[in-house]
Amino acid sequence: MKFFSVIWFAFLVMLLIIIGACSSEDSRTESSSSENSTDGELKVALTTQPPTLDAHMSTATMTTDIGRNIYETLVTLYSNFQPVPMLADSIDKSEDGKTYTFHLRENVNFHNGKVMVAEDVVASMNRWLEKSPGGKLMEGAVFEEEDPSTVLLKLESPIADVLDILADRVQFPAIMPKEVIESAEIEGVTEYIGTGPFQFEEWEQDQHIHLVKFDDYTADDSPSDGFSGKKEVFLDDVYFIFVPDHSTRIAGLSSGEYDIVSETPNEYYEEFMNNDNFNTYAYQYGSLFVVYNKKQGLSANETFRKAINAAINSEDAMKAGYV
């Protein structure tokens, strides 16, 4: 069976190639029925190639969608989009809300054979704080090593949604080896090495990016839920193929040349929904922010800001924006 993604394909990719990340038993059964061993390949047709696979450097959707298979983060989202530990085993928060303690999972392997320790996390996270919009929301924050298995996040003042920021899907805080971070050039890192279930194999410019199964992947043993928990890999190879023309992508899907296509125009939605040979998926994720001017005007008053926050129906706002 072939697959088509209406909005984003990232969740579907995780659904197909990392079976543990899917959110329903029906989807797991349907997705894995054609491949019961780790000897298959998946071909995904994308509209364009990413500017980089350095997740700290780009907000590009393609960087995120491909990079999420290579890299992992301290925190991720489960099916209800709440932040939960990923490379962290547990997280403690100080009473004043200004210090977060991340107890790291042990014996997590990087693709280069190195075991992840606190110095890798500190180097990665401090670089992300410097490079990303999410990091800049945490102005004055710094990550420090307490011991090889413990990392501290120190804030100048409490931030209510700090874990949500760390779990964000765009320009995400990927954990890389310290030496990769230290050797990064202005344009980005020169090696794409993470702890994810797939590792970088090849980038043929304007053609494809090839990822291969990471045989020494250290899976989380907690129950699978959304993007969190245990992941199992049922494919040896994944090819992200760059096909700018949407009609070519659709023809390739119909002929079996591609298994997944992304960003197909909305006018094709009904056609695919009514065709039993295809499955359609929508990527259910988004966020809305209210940003106040705290320096002058009415919103400089904290009580006024609290009143506005209390008056906003968050559920209705999110439905209006994303449903």
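Now for a quick tour of the structure. (Residues numbered from 1 in each chain as written. Predicted model: local features only at pLDDT ≥ 70, side-chain atom pairs only at ≥ 80, totals over all residues. Heavy atoms only, no water.)

### Thoughts on the overall build of the protein chain
Logical step 1: Tallying secondary structure elements over the protein chain gives 11 helices and 13 strands in all.
Logical step 2: When burial is assessed residue by residue, the protein chain has 47% of its 323 residues classed as buried.
Logical step 3: Partitioning the contacts of the protein chain with sequence separation of at least 6, the portion at a separation of at least 24 is 66%.
Logical step 4: If you sum the accessible surface of the protein chain, you get close to 15,800 Å²; carbon and sulfur atoms cover 47% of it. (Helix = DSSP H or I, 4+ residues; strand = E, 2+ residues; numbered from the N terminus. Buried < 20%, exposed > 50% of the residue type's maximum accessible area, 1.4 Å probe, protein only. Contact = heavy atoms within 4.5 Å. Areas by Shrake-Rupley, 256 points an atom, 1.4 Å probe, with all protein chains shown as cover.)

### Quick word on the nonpolar core
Logical step 1: Core analysis: the biggest nonpolar cluster contains 57 residues, and Leu74, Phe102, Met138, Phe143, Leu153 and Leu166 have the highest contact counts within it.
Logical step 2: Leaving out residues up to four positions away in the same chain, Met138 has contacts with Trp128, Leu129, Leu153, Leu155, Ile159, Val162, Ile165 and Leu166.
Logical step 3: Ala45, Ile241, Val243 and Ile250 belong to the second largest nonpolar core, which has 10 residues in total. (Core = buried A, V, L, I, M, F, W, Y, C linked by side-chain atoms within 4.5 Å.)

### Describing the pairing of strand 8 (residues 150–154)
Logical step 1: Within strand 8, four of the five residues are buried, leaving the element largely enclosed by the surrounding structure.
Logical step 2: For strand 6 (residues 99–104) and strand 8, the ladder comprises five bridges, and the chain directions are antiparallel. Looking at the pairing, Tyr100 lines up with Leu153 of strand 8.
Logical step 3: Both strand 7 (residues 142–147) and strand 8 contribute to a ladder of five bridges, which runs antiparallel. Along strand 8, the bridge assignment pairs Val142 with Lys154. (Pairing = 2+ DSSP bridges.)

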